[in-house]
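Remarks on the overall topology
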Amino acid sequence: MSTIAHYFKLDELNTNVRTEFIAGLTTFTSMAYILFVNPSVLGAAGMDKGAVFTATAVAAAVATIFMGVVALYPIAIAPGLGVNAFFAYSVVIGMGVKWQTAMAGVFVAALIFLVLTFFKIREKIINIIPQNLKLAIASGIGLFIAFIGLHDAGLIVANKDTMVSLGHLTAPTSLLSIFGIIVTFVLMSRKTPAAIFIGMILTSIAGILTGLIKLPSAIISPAPSLAPTFGAGVLHIGDINSLQLVMVVITFLIVTFFDTAGTMIGLATQAGFMKNNEMPRAGKALMADAVGMTVGAVIGTSPTSAYVESSSGIAVGGRSGLTSVFTGMFFLFALLFSPLLSVVTSQVTAPALVVVGVLMAKNLRLIDWEDLAIAAPAFLIVIGMPLTYSISDGIALGFILYPITMIATGRMKKVHPLMYVLAIMFVAFLMIIAH
């Protein structure tokens, strides 16, 4: 025990094994919803839900334990909510790309990530893209996944006259989702630990009691096989042979890049880890994310990301990497509960998407709305994602407009040269999609 305490610097951080265990469990229950939401989202892309469940748990465990042991931070990592929507709805369903090819795109992005992280280029690139556009990307993803959640709930439906309209609110499945959304928001408003997870449990129970959801055949069973998804991304790497797919890889990089970086900086600030506006051991923390993304791409899940839910573990006293080690172990333990997947329908996961959307949208308040040269591209990113049903299209619209408005206001030199390169690449990307 003293060896563990020494390695994780528990005394120095004013914590102990019991506190770290409780923090690890708190973080796990706060983000356990991804075990059921990820198979639901990637299942829409035609992937095997059982295999995705196992891949999600394994990728989360590997990356989070790596974070704890190597980077020594109480920050958990799992397949990201938002980038999985980009994978399923934008790339596979929107562009008509096979999920195996999309997974190859994730694998290529993961390998690039490893190289960028190893040579510390990733830390430098984070500073190149303007802060306002990073905030816009996070906010736009929030609106996009909330829109998907409201659609899954049956609250928003297609309408040929008005494009979209309110759904059938009295339909039993819609009522179940409405119940879930209200319960989850009440729990979140009262700052209840693991509110999203508890909301999903209560919605599932309500669904079973009303006969809308069938009871599972068992509670515990061996973990589903990874066979349907294992290695698909590696085997289809040759499919990445067009500019459209190259842009998909770049978008995977951009979205996961800033999602994780922003979350890590926010959590490090909350926990008091920042020193001189820099995060110590940032390279090791980013490497944990790169390792998780690579493992995930090989076994069959969308890119990993640092989870803002780690803040719940930090809030109850988690300060060392031991918190992450415990969180990772809980993910492995969770592999036994795959039969519960049948209970977690899209009506049950919809409230989670809406709530996380609200949490991500709070970044909007930090955007400089007074400077139109910055506000206009930021707004296009935010509004573009839900309206084009694509994260990459939203990013493209903003990244193309940004250099133009900056040149127009005589601030050409304030734009990093890479931003001009990205703008030209995104113009080419949109022209390809248009054909």
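Just so you know, these numbers come straight off a predicted model, no measurement behind them.

Basis of the calculations
Residues numbered from 1 in each chain as written. Predicted model: local features only at pLDDT ≥ 70, side-chain atom pairs only at ≥ 80, totals over all residues. Heavy atoms only, no water. Helix = DSSP H or I, 4+ residues; strand = E, 2+ residues; numbered from the N terminus. Rg over C-alpha atoms; globule rule 2.2 N^0.38 Å. Buried < 20%, exposed > 50% of the residue type's maximum accessible area, 1.4 Å probe, protein only. Contact = heavy atoms within 4.5 Å. Areas by Shrake-Rupley, 256 points an atom, 1.4 Å probe, with all protein chains shown as cover. Lys, Arg positive; Asp, Glu negative; His and termini not counted. Charge placed at Lys NZ, Arg CZ, Asp CG, Glu CD. Pairing = 2+ DSSP bridges. Phe/Tyr/Trp six-rings, centres within 6.5 Å; stacked < 30°, edge-to-face > 60°. Salt bridge = Lys/Arg side-chain N within 4 Å of Asp/Glu carboxyl O. Expected span 1.5 Å × (residues − 1). Axes fitted to C-alpha atoms, helices over the stretch in contact; angles between N-to-C directions. Parallel < 35°, antiparallel > 145°, perpendicular 65-115°, else oblique. Left-handed = near helix turned anticlockwise from the far one by under 90°. Nonpolar A, V, L, I, M, F, W, Y, C, P; charged D, E, K, R; others polar. Patch = residues over 30% accessible without salt bridge, like charges linked within 9 Å, V, L, I, M, F, W, Y side chains within 5 Å.

Quick look at the overall build of the protein chain now. Regarding its fold elements, the protein chain presents 19 helices and four strands. Rg of the C-alpha trace for the protein chain: 21 Å, near the compact-globule value of 22 Å for 435 residues, within the 12% margin. The principal-axis extent of the C-alpha atoms belonging to the protein chain is close to 60 × 60 × 45 Å. In the protein chain, buried positions account for 56% of the 435 residues. Contacts in the protein chain between residues far apart in sequence, at least 24 positions, make up 81% of those at least 6 positions apart. As presented, the protein chain carries roughly 18100 Å² of accessible surface, and 69% of it is formed by carbon and sulfur atoms. If the 21 positive side-chain charges of the protein chain are averaged to one point and the 16 negative ones to another, these points end up 4 Å apart.

This part covers the side chain of Asn84. Checked against the element boundaries, Asn84 lands in helix 5 (residues 83-95). Residues within four places of Asn84 in sequence aside, it is in contact with Ile34, Asn38, Val41, Leu42 and Ser302.

Okay, the pairing of strand 3 (residues 163-166) next. For a regular strand, side-chain orientation follows a simple rule: the groups alternate between the two sheet faces. By the bridge criterion, four bridges tie strand 2 (residues 156-159) to strand 3 in an arrangement that is antiparallel. If you follow Asn159 over to strand 3, its bridge partner there is Met163. Two successive antiparallel strands, strand 2 and strand 3, enclose a turn made up of three residues.

Moving on to the packing of aromatic side chains. For the coordinates displayed, the defined rule picks out 12 aromatic pairs. Here the aromatic rings of Phe118 and Phe119 are separated by 5.2 Å at their centres, their planes lie at 85°, and the arrangement is edge-to-face. Comparing Phe118 with Phe119 shows no difference in burial state: the two are exposed. By the ring-pair criterion, three or more aromatic residues cluster together here, those being Phe21, Phe28, Phe326, Phe330 and Phe331.

This part takes up the pattern of salt bridges. Counted under the stated rule, the structure contains one salt bridge. The salt bridge involving Arg411 is made with Asp371; its shortest N-O contact spans 2.7 Å. With Arg411 in the loop between helix 18 (391-408) and helix 19 (417-434) and Asp371 in the loop between helix 16 (346-361) and helix 17 (372-388), the pair connects residues that are 40 residues apart, well separated along the chain. Both residues of the pair, Arg411 and Asp371, belong to the buried class.

The end-to-end C-alpha distance of helix 10 (residues 195-209) is 21 Å, a good match for the 21 Å that 15 residues give at a rise of 1.5 Å each. Within helix 10, burial applies to Ala195, Ile196, Gly199, Met200, Thr203, Ser204, Ala206 and Gly207. Packing partners of the buried residues in helix 10 comprise helix 3 (34-43), helix 9 (172-189) and helix 16. A positive backbone phi angle near 80° is found at Gly211, which sits one or two residues after helix 10.

Right, let's get into unusual backbone geometry. Although it is not a glycine, Leu72 sits at a positive phi angle of roughly 65°. With respect to the helices and strands, the residue Leu72 is situated in the loop between helix 4 (49-71) and strand 1 (77-79). The buried category is assigned to Leu72, whose relative accessible area is 17%.

Before going further, it helps to examine the packing of helix 6 (residues 99-118) against helix 13 (residues 282-299). The geometry of helix 6 relative to helix 13 is characterised by a closest axis approach of 8 Å and an angle of 155° between their N-to-C directions. The angle between helix 6 and helix 13 falls in the class roughly antiparallel. Judged by the sense of rotation from one axis to the other, the crossing of helix 6 with helix 13 is left-handed. Packed against helix 6, whose contacting residues are Met103, Val106, Phe107, Ala109, Ala110, Leu111, Phe113, Leu114, Thr117 and Phe118, the element helix 13 presents Gly283, Leu286, Met287, Asp289, Ala290, Val291, Met293, Thr294, Ala297 and Val298 at the interface. Its residues assigned to classes, the contact of helix 6 with helix 13 comprises 16 nonpolar, three polar and one charged.

A cluster of basic residues, Lys9, Lys120, Lys275, Arg281 and Lys284, forms a positive patch on the protein surface. Mapped onto the secondary structure, Lys120 falls in the loop between helix 6 and helix 7 (121-125).

Note that an α-helix has 3.6 residues per turn; residues three or four places apart therefore point the same way. When the terminal C-alpha atoms of helix 6 are compared, their 28 Å separation across 20 residues agrees well with the 28 Å that a helix rising 1.5 Å per residue should span. Positioned one or two residues after helix 6, Lys120 has a phi angle of 60°, which is positive.

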